[in-house]
Amino acid sequence: MIEKERLYKYAKLLVGTGCSFQPGQEILISAQVDCAPFVRLAVEAAWELGAKDVTVQWSDPEIDRQRLIHGADELFETIPAWEKTMLETAAEKGAAVLRLGGGMFGGMEGVDPKRLTAKQKATRRECPKYSAGLGKGKSTRCGCGIATPAWAKKVFPDLPEEEAVDKLWEAILKVARADGPDPAQAWADHTENFRRRTTRLTEKQFDAVRYTASNGTDLTVGLLPGHCWWGGGIENEEGVYYYPNIPTEEIFTSPDRTRTEGVVHSSLPLSHRGSLIEDFWIRFENGRAVEWDAKSGKEQLSHIIETDENSCYLGEAALVPKSSPISQMGLLFYSVLFDENAACHLALGRCYPFCVAGASDMKEEELLAHKLNVSATHCDFMIGTADMNVTGIMKDGTEVPIFVNGDWAEEFA
Ligand code: ZN
Ligand code: ZN
């Protein structure tokens, strides 16, 4: 069994650093029931850090699944009034929001993916304050993984349950930088590296980035004037710096949705709502995914690409070096929160408006007019390989190495 002290240290990191929790603040902890033992530690950490109040919202994937299967369509066109009140009130009060889950996989078999999308859309529509993008509003939020028996069994199917859970905890604590003598300081150092690299990349104002690898990937992604690269945490409207995800290793921007050209091959399976999409490729033309195939899960891939009229365009391009702890570990977590930090990735769908100067407050039509993508979905898929080169292309055609053989080129190291 993992010692309680180590888990409490992780809980304190998530509340204190992840949510950047301040004395007198409220916190809403949204958690799966099978995370209960850890949730109690997170609650304890919040009170110790001076919480004004602590609310826990429980969920259970199996109960959600049954509702999604048996409920009538109209149930998913809206969200319950109590839930709307809870989420919007938390956002208005500037509460911290901590989401604790045991990986997002399995459990959703038999559910029509359109219903899941409808539910997401309803939440975005009915809870505009809660759904406001990163960097907006007064609340701070952090999403993290908790080693549950179900998740551990998925990652380590051959181990007895208790051993699997311990092994998954060890992996989580390591990649979350939660296990050293001073996790908060480890995150301060990590943040400093992010700052140095994002500043340098943003200063370059590349016109495009080109990804090449021996698996056949040769993809050019156009970038917009005034784009910035982000990584680590983000400030809310009041200047409080928090980490939307722990762990995080990626440096990302949102591209010009109309200028993606070429072919990209996946480098890791994509675990999407319970099914696995493996060995796939996508060809882009004028920004749009026009052709694709997969060794398995092609139907799921098509569903992602065809979610709505803009889910065939990219909303994110992210850089993760092969030297990142998650990449080094070589473990498939079956959770996008972890796996997207293992390799360079792209996302189909929604952009991050704050990645382009002046776009944070734009309405959807304006974002589209500025060539930033808008969609109900945002689906990350991994493309980074150990031999991947990423080249920045300047407006005048000059090429600047960003990644050489899967890791930062000298200028950005
Ligand atoms: Zn990403
Ligand atoms: Zn993403």
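This text gives an overview of the structure that appears in the document. (Residues numbered from 1 in each chain as written. Chains lettered and ligands numbered in written order. Predicted model: local features only at pLDDT ≥ 70, side-chain atom pairs only at ≥ 80, totals over all residues. Heavy atoms only, no water.)

## Observations concerning the coordination of the zinc ion (ligand 2)
The zinc ion (ligand 2) binds to the protein through Glu-316 (OE), His-378 (NE2), Asp-380 (OD) and Asp-380 (OD); the donor distances cover 2.0 to 2.7 Å. Geometry at the zinc ion (ligand 2) is irregular, judged from the four donor atoms that bind it and their angles of 53 to 144° at the metal. The sequence motif formed by the donor residues of the zinc ion (ligand 2) is E-x61-H-x1-D. Separating the zinc ion (ligand 2) from the zinc ion (ligand 1) is a gap of 3.2 Å, which Glu-316 spans by donating to each of them. Taken together, the positions of Glu-316 in strand E15 (residues 314-319) and Asp-380 in strand E17 (residues 378-382) put the pair 64 residues apart, joining distant regions of the chain. A residue is classified by how much of its surface remains accessible, and Glu-316, at 0% relative accessible area, is buried. (Donors = N, O, S within 2.8 Å, 3.2 Å for Na, K, Ca; no water. Tetrahedral: all angles 85-135°; square planar, octahedral: opposite > 155°, others 65-115°. Helix = DSSP H or I, 4+ residues; strand = E, 2+ residues; numbered from the N terminus. Buried < 20%, exposed > 50% of the residue type's maximum accessible area, 1.4 Å probe, protein only.)

## Brief notes about the environment of Phe-280
As for its position among the elements, Phe-280 is in strand E13 (residues 275-285). Residues Phe-280 and Ser-30, 250 residues apart in the sequence, show an inter-C-alpha distance of 34 Å. Apart from residues lying up to four places away in sequence, Phe-280 is in contact with Val-264, His-265, Ser-266, Leu-268, Leu-270, Asp-293, Ala-294, Leu-301 and Phe-381. (Contact = heavy atoms within 4.5 Å.)

## Some remarks on the nonpolar core
By size, the foremost hydrophobic cluster in this structure holds 53 residues, and its most contacted members are Tyr-10, Phe-38, Leu-98, Leu-100 and Trp-169. Those elements giving two or more residues to this core turn out to be helix H1 (4-18), strand E1 (26-32), helix H2 (36-48), strand E3 (96-101), strand E4 (140-145), helix H7 (149-155), helix H8 (161-175) and helix H12 (336-339). Element by element, the count of residues in this core is highest for H8, at eight residues. The contact partners of Leu-98, leaving out residues within four places of it in the chain, are Leu-14, Val-15, Cys-19, Ile-27, Leu-28, Ile-29, Ser-30, Ala-42, Cys-142 and Cys-144. (Core = buried A, V, L, I, M, F, W, Y, C linked by side-chain atoms within 4.5 Å.)

## Comments concerning the layout of surface pockets
The calculated volume of the second largest pocket comes to roughly 370 Å³. Lining the second largest pocket we find 18 residues, and of these Met-1, Leu-7, Pro-37, Val-165 and Trp-169 sit closest to its centre. When contributions to the lining of the second largest pocket are tallied by element, the ones reaching two or more residues are H1, H2 and H8. Per-element accounting of the lining of the second largest pocket gives the leading share, five residues, to H8. A class-by-class count of the residues in the lining of the second largest pocket yields twelve nonpolar, one polar and five charged. (1 Å grid on protein atoms, 1.4 Å probe; cavity = no way out; pocket = protein on both sides within 12 Å on 5 of 7 lines; lining within 4 Å. Points joined across faces, edges and corners; volume = space filled by probe spheres on them. Nonpolar A, V, L, I, M, F, W, Y, C, P; charged D, E, K, R; others polar.)

## Points about the coordination of the zinc ion (ligand 1)
Glu-250 (OE), Glu-316 (OE), Glu-340 (OE) and His-345 (NE2) make up the full set of protein donors to the zinc ion (ligand 1), lying at 1.9 to 2.7 Å. Classification of the site at the zinc ion (ligand 1) as irregular follows from its four donor atoms and the range of 76 to 148° in their angles at the metal. The motif formed by the donor residues of the zinc ion (ligand 1), counted along the single chain, is E-x65-E-x23-E-x4-H.

## Some points on the sheet that holds E3
Strands sit in the order E2-E1-E3-E4 across an open sheet of four strands; the sheet is parallel. Strands at the two margins of the open sheet, each flanked by one partner only, are strand E2 (53-59) and E4. Shown here is a sheet whose adjacent strand axes are inclined to one another by a mean of 15°, direction ignored. Of the pairings in the sheet, the one linking E1 to E3 comprises five bridges and is parallel in character. Directly across from Ser-30, in E3, lies its bridge partner Arg-99. With respect to the sheet, H1 is in contact with E1, E3 and E4, its orientation differing from that of E4 by roughly 150°. (Pairing = 2+ DSSP bridges. Axes fitted to C-alpha atoms, helices over the stretch in contact; angles between N-to-C directions.)

## Some points on the environment of Ala-357
Relative to the elements of secondary structure, Ala-357 occurs in the loop between strand E16 (345-349) and helix H13 (364-369). With a relative accessible area of 58%, Ala-357 lands in the exposed category. The sequence separation of Ala-357 and Val-264 amounts to 93 residues, and the corresponding C-alpha distance is 28 Å.

## Comments concerning the packing of H1 against helix H9 (residues 183-204)
The description of two helices packed together rests on the angle between their axes and the distance between the axes. Packing of H1 against H9 leaves a shortest axis separation of 10 Å and a crossing angle of 50°. It follows that H1 is oblique to H9 by the angle criterion. Here H1 contributes Lys-9, Leu-13 and Thr-17 to the contact with H9, which in turn contributes Pro-183, Ala-184 and Trp-187. In the contact of H1 with H9, the residues fall into four nonpolar, one polar and one charged. (Parallel < 35°, antiparallel > 145°, perpendicular 65-115°, else oblique.)

## Some remarks on H1
It helps to recall that an α-helix has 3.6 residues per turn; residues three or four apart then point in one direction. Compared with an ideal rise of 1.5 Å per residue, which puts 15 residues at 21 Å, H1 spans 20 Å between its outermost C-alpha atoms and is within 8% of the ideal. Of all the residues in H1, the buried ones are Arg-6, Leu-7, Tyr-8, Tyr-10, Ala-11, Leu-13, Leu-14, Val-15, Thr-17 and Gly-18. Residue Ser-20 follows H1 closely and has a positive phi angle near 50°. (Expected span 1.5 Å × (residues − 1).)

## Some points on the pairing of E13
When strand E11 (residues 260-265) meets E13, the two strands line up antiparallel, connected through four bridges. Of the residues in E13, the one forming a bridge with His-265 is Trp-281. The pairing of strand E12 (residues 270-272) with E13 spans three bridges and is classified as antiparallel. Paired with Leu-270 across the strands is Ile-277, a residue of E13. In sequence, E12 turns back onto E13 through a hairpin of two residues, with Arg-273 there showing a positive phi of about 45°. Note that E13 and strand E14 (residues 288-296) share seven bridges and pair antiparallel.

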